[in-house]
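Remarks on the overall topology
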Amino acid sequence: PVLLLSGCDLPSRLNFGKTSGSGESISKSGFYFNTVITVTLYGTKDETLLDDCFSLADTYENYFSNTIADSDVSKINAAGGAPVTVHEETAELIKKGLYYGDLSNGKFDITIGKLSDLWDVSTKALLEKTDASMIPSDDEIKKALTTVDYQNVVVDGNTVTLKDPSAKIDLGGIAKGYIADRMKDYLNQKGAACGYINLGGNVLCLGAKPDGSSYNIGIAAMLAVSVTDQTVVSSGVYERYFEVDGKRYHHILDTATGYPYDNGLLGVSIITDESVDGDGLSTTCFALGLADGMALVESLDNTEAVFITEDYELHFSSGMGTKIPYQVME
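Rules behind the numbers
Residues numbered from 1 in each chain as written. Predicted model: local features only at pLDDT ≥ 70, side-chain atom pairs only at ≥ 80, totals over all residues. Heavy atoms only, no water. Buried < 20%, exposed > 50% of the residue type's maximum accessible area, 1.4 Å probe, protein only. Helix = DSSP H or I, 4+ residues; strand = E, 2+ residues; numbered from the N terminus. Pairing = 2+ DSSP bridges. Core = buried A, V, L, I, M, F, W, Y, C linked by side-chain atoms within 4.5 Å. Contact = heavy atoms within 4.5 Å. Axes fitted to C-alpha atoms, helices over the stretch in contact; angles between N-to-C directions. Expected span 1.5 Å × (residues − 1).

By the alternation rule, side chains of strand E13 (residues 241-244) split into Phe242 and Val244, which are all buried, and Tyr241 and Glu243, of which none is buried. Taken together, the four bridges between E13 and strand E14 (residues 247-250) define a ladder with antiparallel strand orientation. Paired with Tyr241 across the strands is His250, a residue of E14. Between the end of E13 and the start of E14, which pair antiparallel, lie two residues, with Asp245 showing a positive phi angle near 50 degrees.

This paragraph deals with the nonpolar core. Core analysis: the largest hydrophobic core is formed by 80 residues, its most contacted members being Val39, Phe64, Ile94, Ile169, Leu187, Ile197 and Val225. Those residues in contact with Leu187 that lie beyond four places of it in its chain are Val39, Leu41, Leu49, Cys53, Ala192, Ile197 and Leu206. In this structure, Val121, Leu145, Val148 and Leu253 belong to the second largest nonpolar core, which totals 13 residues.

Turning to the sheet that holds strand E7 (residues 159-162), a few remarks are in order. Strand order in this open sheet of three strands is E5-E7-E6, and the pairing throughout is antiparallel. Single-partner strands in this sheet number two, and they are strand E5 (84-85) and strand E6 (153-156). Where E6 meets E7, four bridges bridge the pair, whose relative direction is antiparallel. Bridged to Val154 within E7 is Thr161. Along the sheet face, helix H3 (residues 88-103) touches E6 and E7 and points at about 135 degrees away from the line of E6.

Let's shift gears to H3. Taking 1.5 Å as the rise per residue, H3 with 16 residues should run 22 Å; its terminal C-alpha atoms sit 23 Å apart, in good agreement. Buried within H3 we find Thr90, Ala91, Leu93, Ile94, Gly97, Leu98, Tyr100 and Gly101. Close packing links the buried residues of H3 with helix H1 (48-64), helix H2 (72-78), E6, E7, helix H7 (175-189) and helix H8 (275-298). At the C-terminal side of H3, Asn105 shows a positive phi close to 55 degrees.

Laid out in structure tokens, this is it:
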């Protein structure tokens with residue numbers, strides 16, 4: 001069986017609190033950070049492990065979300081440029097976001113919040129209407145773009161300062177991966193070494209399956225990759241978008257122009273060890289485009305990728321097929 005990887009995003013938060021158990025596995029699903037999260041464990045009947053994972057998700061959402069008023073990130077955004085003391089994990093995640101800002105030369109930028117809010121693609125993607133009023137004006141985009149510069153974020157210990165008081169941090173591009181990694185750390189500490197964590201476009205596998213085989217992760221209904229104790233993270237434009245006059249407007253925004261990228265790509269999937277890195281790299285590589293994105297992947301250790309271009313062609317990094325087995329779906 002293939003575990004499907006999809007970037008399903010819904011507009012509001014809902015904790016389903018649903019747990020299902022059988023003799024072979026236990027599983028629980030919830031809704032955090034605009035994403036359905038499912039944790040499935042093999043070889044244990046201890047459902048408190050699942051509950052504790054979702055307690056972690058709840059804690060981190062209340063640190064990282066920019067839509068929860070008293071979160072660390074919301075406090076930074078509302079501080080008017082004053083320093084804000086945050087939890088250690090928030091500072092750690094922001095520093096990771098700044099690292100990917102540097103790695104991508106600003107194409108990945110955690111201060112994209114006002115531009116993302118302006119486009120509001122997740123909400124518009126659910127609407128039936130498709131008219132030109134859904135597209136922000138050039139003046140609105142230019143104004144929002146003036147606030148986008150990750151170099152205006154200063155982290156000193158657990159204190160974060162926004163040098164531009166009108167900027168808005170949005171950690172949505174890496175928070176899911178970070179949360180998945182912390183869930184895995186917790187489960188490994190508790191001796192749960194077999195299962196998977198699925199956060200929409202992120203799948204993080206714990207070890208191998210009970211029989212020692214790899215997990216098969218499906219990507220965009222086009223191929224399945226086989227992984228053990230690794231993560232598969234996808235960024236794509238095939239689900240979260242709206243169309244006006246036949247043109248697709250998706251959620252991956254160009255920090256140079258303020259408009260959605262139009263670079264011939266439909267999606268990028270990263271296979272690596274840490275889900276937070278998969279998150280940062282999938283967005284970064286999409287933004288860089290096929291040639292530069294692939295060059296970046298080839299320069300990194302323990303990292304492979306699949307790029308999907310608009311003609312539905314698959315482009316593989318050099319370790320795909322050898323280090324990472326895959327099968328193209330018919």
